[in-house]
Amino acid sequence: MGGRRVFLLVNLLIVVLNASLGILMNLAAFTRGSYRHKYYLSLPSEQSNLSVSTSPLGTGGELSTVFGVLPAVFGVLDASGNYTTHAFVWPAQGWDVITAEFHVCLATQASVERLFWVAWQAETWTGPMSVAVFVPGSEYAVAAAMVSYLRRCFPNVQEKVSFHLVHPRTRPPRSSPIPELLDLSCDNPEESNKILMSLRDENETRERRYPQNLMRNLARRTCQCEYSLTIDIDMLTPPYMSENLTKFLSGGTDGTPCWKCAYVIPVYELDTSVEYPPDDKKELLRLLLKGLARRFHIKVYAKNQGNSHLEYWEVEPGSGSSLDYTVLYNITTFEEFWEPVLILPYTAPPFDERFIGYGFTRNSQVYELHCRGYQFRVLDKAFLTHRGFQTTTSYTPTRFAQIEINRLRYQMFKRELHARMGLPPPPALGGPPLRQQLPALIFGKPRTRLPPPKIINSSKKHSNLPHKILTFPRKTPNLAKNTKS
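Quick caveat: nothing in here was measured; it's all calculated off a predicted structure. (Residues numbered from 1 in each chain as written. Predicted model: local features only at pLDDT ≥ 70, side-chain atom pairs only at ≥ 80, totals over all residues. Heavy atoms only, no water.)

A few points about the sheet that holds strand S9 (residues 235-236)
The strands making up a sheet are joined through hydrogen bonds of the backbone, oriented either antiparallel or parallel.
Logical step 1: Ordered in space as S9-S16-S11-S12, the four strands form an open sheet in which the pairing is mixed. Each edge of the open sheet carries a strand with a single partner, namely S9 and strand S12 (293-295).
Logical step 2: Across two bridges, the pairing between S9 and strand S16 (residues 384-387) is antiparallel. Looking at S16, one finds that Met-235 is bridged to His-386. (Pairing = 2+ DSSP bridges. Helix = DSSP H or I, 4+ residues; strand = E, 2+ residues; numbered from the N terminus.)

This is the structure:
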């Protein structure tokens with residue numbers, strides 16, 4: 001009997017000890033989790049100035065918190081083996097909720113000196129936003145500090161924007177050699193971004209090869225939505241665009257989703273004297289009439305949006321709600337080297353990642369969409385704006401050289417695509433061999449832009465579109481209305 005009592009007491013003691021340990025472990029986990037939530041996700045209330053640490057330690061992702069700098073060994077190599085990607089280094093706080101609520105995700109990419117644009121994007125785009133950032137070497141420290149600044153100063157960034165990183169395999173992330181605190185103003189993200197650029201190691205060689213298609217794909221793949229809108233970081237959306245697109249994409253034009261439709265979003269440049277981007281299409285058309293807005297890249301490369309036939313978009317919207325997006329007309333022609341900004345379903349082909357630097361990065365995807373039978377439909381009332389009229393005066397010799405190198409990659413891309421799809425081989429590139437052009441391109445800027453290769457068997461102009469251009473304030477011509485596919 002005594003032995004049984006001792007046995008029961010020992011077991012009771014073991015149970016009490018286990019319960020005590022469980023309670024202590026739960027308290028420790030709860031305390032640690034609360035600290036992490038507080039550290040990363042708390043926001044300043046009505047704070048005009050913010051002290052941001054220049055050290056990457058503790059500015060966002062869990063890996064950077066543990067190690068002080070993002071470990072390259074935890075990244076994923078791209079197909080070429082030249083670049084390493086890291087998804088969700090700084091995830092949005094409400095990413096699971098926001099991606100379930102909206103049908104379209106804004107995907108974009110940026111170098112560290114242009115991260116301030118995220119603040120302006122998040123002001124009007126209220127849906128999920130996925131941003132891939134290029135961070136070779138010590139530029140990681142700039143990104144870590146700038147993301148910390150954006151997340152603390154702008155609640156929409158904290159809640160709805162997820163950040164991912166890309167760096168060359170041979171140039172992993174590094175901390176900044178400048179460890180002191182910087183006092184930044186929440187009222188001026190562009191100026192704060194310039195201040196934080198001082199964190200970059202001036203002894204480092206600048207990376208000239210910018211893998212924007214790789215970054216576009218990373219931003220797009222991390223969007224958990226049925227559709228994505230892939231834009232450049234400095235293309236701004238009008239208010240309510242995310243809500244309007246979600247409403248439009250809920251059922252398509254005829255009540256059912258179209259998984260082989262590419263919806264074209266017109267892009268316009270704004271004169272630098274325009275203080276605020278237009279809120280709606282009517283306001284944009286007024287700027288067009290005043291000469292304060294024009295089609296994107298119309299002076300740089302007219303083919304950029306030429307096949308969008310924007311002369312038929314530039315008409316006063318109908319009397320319906322300004323919040324309802326509709327298809328104004330379909331594009332039934334195709335001109336090579338067309339570079340529209342598109343809303344695409346997740347099943348659409350990705351950007352080809354062989355294109356590094358400038359040239360052919362976007363129109364190569366458009367060419368594949370055309371070959372695969374996608375329908376191009378231009379949305380009314382939806383648009384993007386870009387600050388400043390674009391010219392080639394700021395183009396460097398390196399940029400021209402990258403464009404010419406990518407011309408050759410474009411020809412290889414087309415040959416491979418035609419072979420995969422069983423199409424006849426594409427026509428050969430025209431012009432002198434690249435080896436004869438590179439010395440002039442690298443050591444001296446050419447006087448005139450090199451012409452693109454000639455298009456053989458190109459389609460004729462759209463015969464069903466109106467012959468007379470009707471501009472604001474006249475009404476939209478019925479002949480340009482959408483037809484069901």
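Thoughts on the layout of surface pockets
Logical step 1: The volume enclosed by the second largest pocket comes to roughly 540 Å³.
Logical step 2: Lining the second largest pocket we find 24 residues, and of these Trp-120, Leu-236, Glu-275, Tyr-276 and Pro-277 sit closest to its centre.
Logical step 3: Of all the elements, helix H4 (residues 117-124) adds the most residues to the lining of the second largest pocket, at four residues.
Logical step 4: Across the lining of the second largest pocket, the residue classes break down as eleven nonpolar, six polar and seven charged. (1 Å grid on protein atoms, 1.4 Å probe; cavity = no way out; pocket = protein on both sides within 12 Å on 5 of 7 lines; lining within 4 Å. Points joined across faces, edges and corners; volume = space filled by probe spheres on them. Nonpolar A, V, L, I, M, F, W, Y, C, P; charged D, E, K, R; others polar.)

Details of the sheet that holds strand S2 (residues 76-77)
Logical step 1: The strand order across the open sheet formed by ten strands is S2-S3-S6-S5-S4-S8-S14-S10-S15-S13, and the pairing between neighbours is mixed. Among the strands making up the open sheet, the edge pair consists of S2 and strand S13 (326-331).

Focus on the side chain of Thr-84
Logical step 1: One can find Thr-84 in strand S3 (residues 83-90).
Logical step 2: What makes Thr-84 buried here is its relative accessible area of 4%.
Logical step 3: Ignoring any residue separated from it by four or fewer positions in sequence, one finds Thr-84 in contact with Ala-72, Gly-75, Val-76, Leu-77, Leu-165, Val-166, His-167 and Arg-169. (Buried < 20%, exposed > 50% of the residue type's maximum accessible area, 1.4 Å probe, protein only. Contact = heavy atoms within 4.5 Å.)

Let's talk about the pattern of salt bridges
Logical step 1: Evaluated as defined, the whole model comprises 22 salt bridges.
Logical step 2: Here Glu-202 and Arg-206 are joined by a salt bridge, their closest N and O atoms 3.5 Å apart.
Logical step 3: The exposure class of Arg-206 is partly exposed, given its relative accessible area of 31%.
Logical step 4: Taking the shortest distance from any N to any O, the salt bridge between Arg-216 and Asp-232 comes out at 3.3 Å. Placement of Arg-216 in helix H8 (residues 212-221) and of Asp-232 in the loop between strand S8 (227-230) and S9 is noted, with a sequence separation of 16 residues between them. Both residues of the pair, Arg-216 and Asp-232, belong to the buried class.
Logical step 5: Connected through shared salt-bridge partners, Arg-171, Arg-174, Asp-201, Glu-204 and Glu-207 make up one network. (Salt bridge = Lys/Arg side-chain N within 4 Å of Asp/Glu carboxyl O.)

Topic: helix H12 (residues 363-371)
Logical step 1: With seven of nine residues buried, H12 is to be regarded as a mostly interior element.
Logical step 2: Looking only at H12, the buried set comprises Asn-363, Ser-364, Gln-365, Val-366, Tyr-367, Glu-368 and Leu-369.
Logical step 3: Looking at the residues trailing H12, positive phi occurs at Gly-373, about 85 degrees.

Regarding the side chain of Arg-220
Logical step 1: Residue placement: Arg-220 occurs in helix H8.
Logical step 2: Glu-368 is the oppositely charged side chain nearest to the buried, salt-bridge-free Arg-220, at an N-O distance of 9.0 Å. (Lys, Arg positive; Asp, Glu negative; His and termini not counted.)

Quick word on the state of the cysteines
Logical step 1: Counted under the stated rule, the structure contains three disulfides.
Logical step 2: A disulfide bridge connects Cys-105 with Cys-223, and the sulfur atoms are separated by 2.2 Å. The sign of the -50 degrees torsion about the S-S bond sets the Cys-105-Cys-223 disulfide as left-handed. With a gap of 118 residues between them, Cys-105 in strand S4 (residues 104-111) and Cys-223 in the loop between H8 and S8 connect regions that are remote in the sequence.
Logical step 3: At a sulfur-sulfur separation of 2.0 Å, the disulfide partner of Cys-153 is Cys-186. (Disulfide = S-S within 2.5 Å.)

Topic: empty space enclosed by the protein
Logical step 1: Within the structure shown, the criterion is met by two cavities of 30 Å³ or more.
Logical step 2: Taken as a whole, the second largest cavity encloses approximately 50 Å³ of empty space.
Logical step 3: Along the walls of the second largest cavity sit Arg-220, Ser-228, Thr-230, Leu-342, Leu-344, Phe-351, Arg-362 and Gln-365, which together make up its complete lining.
Logical step 4: A class-by-class count of the residues in the lining of the second largest cavity yields three nonpolar, three polar and two charged.

Brief notes about the nonpolar core
Logical step 1: Counting 62 residues, the largest nonpolar core has Val-118, Phe-163, Leu-229 and Ile-343 as its most contacted members.
Logical step 2: Among the elements that make up this core, the one with the highest residue count is helix H5 (residues 139-153) (ten residues).
Logical step 3: Here Val-118 is in contact with Met-129, Val-131, Leu-150, Val-157, Val-161, Phe-163 and Ile-233, once residues within four sequence places are set aside.
Logical step 4: Of all hydrophobic cores here, the second largest spans 38 residues; its members include Ala-262, Leu-344, Tyr-395 and Phe-413. (Core = buried A, V, L, I, M, F, W, Y, C linked by side-chain atoms within 4.5 Å.)

Thoughts on the environment of Tyr-325
Logical step 1: Relative to the elements of secondary structure, Tyr-325 occurs in the loop between helix H11 (303-306) and S13.
Logical step 2: For Tyr-325 and Phe-248, which are 77 residues apart along the polypeptide, the C-alpha to C-alpha distance reads 6.1 Å.
Logical step 3: With sequence-adjacent residues up to four places away left out, Tyr-325 is seen in contact with Pro-238, Met-241, Asn-244, Leu-245, Phe-248, Asp-380, Lys-381 and Ala-382.
Logical step 4: Looking at Tyr-325, its side chain comes within polar contact range of the side chain of Asn-244, at 3.5 Å. (Polar contact = N/O pair within 3.5 Å; in protein donor to acceptor, adjacent residues only side chain to side chain.)

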